[in-house]
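In case you want the letters, here they are:
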Amino acid sequence: MTAVRRRRSRFLTRRRHCDRDVVASIVTAAATHTLDVSRYLVPAVPMVGLMLSLFAVELTETIAFLRRG
C-alpha cells in the first residue's frame, strides 16, 4: 500500500502565514481598543453621576426659589 502524501504549494503556505499575521494584528488592535475605552469610561462614570446629582440639586433649589418668589 502506498502512502499518498499531499503536497501544499508554497503559495498556500505563504497565504496561511499572511492570514495568521493579519488575524493576529486585528485581534491585538481590537483588544487594545477595548481596554483603552474601558480605561477612560470606568473613571468617567462616577464623575457623570456626581455632575448629574449636582445638577439635580441646583435645579431643585432654583425651582423652589422661583415658586417662593
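For the structure itself, consult the block above.
Only a predicted model underlies this, so the values are computations on that prediction, with no experimental measurement involved. (Residues numbered from 1 in each chain as written. Predicted model: local features only at pLDDT ≥ 70, side-chain atom pairs only at ≥ 80, totals over all residues. Heavy atoms only, no water.)

Student: With reference to specific residues and values, describe the overall build of the chain.
Tutor: Scanning the chain for helices and strands turns up one helix and zero strands. If you sum the accessible surface of the chain, you get close to 7000 Å²; carbon and sulfur atoms cover 67% of it. (Helix = DSSP H or I, 4+ residues; strand = E, 2+ residues; numbered from the N terminus. Areas by Shrake-Rupley, 256 points an atom, 1.4 Å probe, with all protein chains shown as cover.)

Student: Tell me about helix 1 (residues 10-68), and please be specific about residues and values.
Tutor: Taking 1.5 Å as the rise per residue, helix 1 with 59 residues should run 87 Å; its terminal C-alpha atoms sit 85 Å apart, in good agreement. Along helix 1, the largest kink reaches about 30 degrees and is centred on Ala 44; proline Pro 46 follows within four residues of it. (Expected span 1.5 Å × (residues − 1). Bend = angle between axes of the 7 residues up to and from the residue.)

Student: Give me a nonpolar patch on the surface: which residues, what numbers.
Tutor: Taken together, Met 47, Leu 50, Met 51 and Leu 54 make up a surface patch of nonpolar side chains, about 390 Å² in accessible area. Checked against the element boundaries, Met 47 lands in helix 1. (Patch = residues over 30% accessible without salt bridge, like charges linked within 9 Å, V, L, I, M, F, W, Y side chains within 5 Å. Salt bridge = Lys/Arg side-chain N within 4 Å of Asp/Glu carboxyl O.)

Student: Describe in detail the pattern of salt bridges, supporting the description with residues and values.
Tutor: Counted according to the given criterion, the structure contains two salt bridges. The partner of Asp 21 in a salt bridge is Arg 20, with the nearest N and O atoms 3.5 Å apart.

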